[in-house]
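Single-letter residue listing:
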Amino acid sequence: MAEPGALGPRHIAIIMDGNGRWAKNRRLPRTLGHVKGAKVVRPLVKSCVERGVTHLTLFAFSTENWRRPPEEVSTLMGLFGQYLEKEVSDMQKQGVRFRLIGDRSAFAQGLQDLIAHAELSTAHNQGIHLTVAANYGGQWDILNATREWQRANPLKGLEMLDAPGLAPHLSMAGAPDPDLLIRTGGESRISNFLLWQCAYTELYFTDALWPDFNAAMLDEALAWYQKRVRRFGRTDEQVLGDPSARAKLPMA
Ligand code: FPP
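Residues numbered from 1 in each chain as written. Predicted model: local features only at pLDDT ≥ 70, side-chain atom pairs only at ≥ 80, totals over all residues. Heavy atoms only, no water.

Bringing the overall build of the protein into the picture now. Across its full length, the protein holds nine helices and six strands. Taking 2.2 N^0.38 as the reference for a compact globule, 252 residues should give roughly 18 Å; the C-alpha atoms of the protein span a radius of gyration of 19 Å, in line with that estimate. For the protein, the spread of C-alpha atoms along the principal axes amounts to about 55 × 50 × 35 Å. Counting all 252 residues of the protein, 44% fall into the buried class. Sequence separation of 24 or more characterises 71% of the internal contacts of the protein that already satisfy a separation of 6 or more. One finds the centroid of the 30 positive side-chain charges in the protein at a distance of 4 Å from the centroid of its 27 negative side-chain charges. (Helix = DSSP H or I, 4+ residues; strand = E, 2+ residues; numbered from the N terminus. Rg over C-alpha atoms; globule rule 2.2 N^0.38 Å. Buried < 20%, exposed > 50% of the residue type's maximum accessible area, 1.4 Å probe, protein only. Contact = heavy atoms within 4.5 Å. Lys, Arg positive; Asp, Glu negative; His and termini not counted. Charge placed at Lys NZ, Arg CZ, Asp CG, Glu CD.)

Set out below in structure tokens:
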């Protein structure tokens, strides 16, 4: 049996919020907040690998983010492209497996090509799964998966659809559900991110702004996570009394 608190999260999902405020606090244009925010990603991936995290999923651009000023949208797209151009060789070295979830058809062809290249060239790596959600929304994901299920099962009525049947059609198919969701920037909501997959996820909210997020803050979130008792619908007594039902023990 695992030692109390020995089990860390396998899958961490992050809503990287607060770039705009970070820039505003310094009287800089919002876009520079995103530039600084993008720089946080590489060391974060490394920190997650060092802490045994197998899946890291980052919310980079929501379906609602198209409503932002056009120059901000194009900065975000540009940063994403630059990140892919610069990081693929490092991902290879670190064994990172990259994939993108979200409707990529809305992106410029050049960006779509960079995404496809990053996915293809890292597909056989054996390290952490790094997923970036871009033009992604949890509601879109569920609707899309339902439609796909219907196309794959034309002779079945929707009353035959169940959760295990839907799972392979969701964009995170094959990945464990997030154990821990971190949101920076002081808001306490999940903003249409991984709605299906976060049904039993522990939610951690911090006031830190994303460009300031660092390994020490990650460790604070992990220490908080270690104190959760994950019941998955069971009672405390069931979880604490039955080692096999025990997903996590609280630290003393
Ligand atoms: C939210 O901050 C952040 C975003 C909408 C974009 C996140 C993108 C990055 C960190 C850069 C690109 C990502 C990768 C993976 C290279 P906000 O603008 O809503 O901040 P605010 O709430 O302070 O205004």
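Near the ligand there are 17 residues, and of these M16, G20, R21, R30 and R68 occur at the shortest range. G18 has a polar backbone atom sitting 3.3 Å from an oxygen atom of the ligand. Within the complex, the protein chains bury 92% of what would otherwise be the 620 Å² of accessible surface of the ligand. Elements represented by at least two residues in the shell around the ligand include exactly α1 (19–25), α2 (30–39) and α4 (70–94). Ranked by the residues each element gives to the shell around the ligand, the list is headed by α2, at four residues. (Near = heavy atom within 4 Å. Polar contact = N/O pair within 3.5 Å; in protein donor to acceptor, adjacent residues only side chain to side chain. Areas by Shrake-Rupley, 256 points an atom, 1.4 Å probe, with all protein chains shown as cover.)

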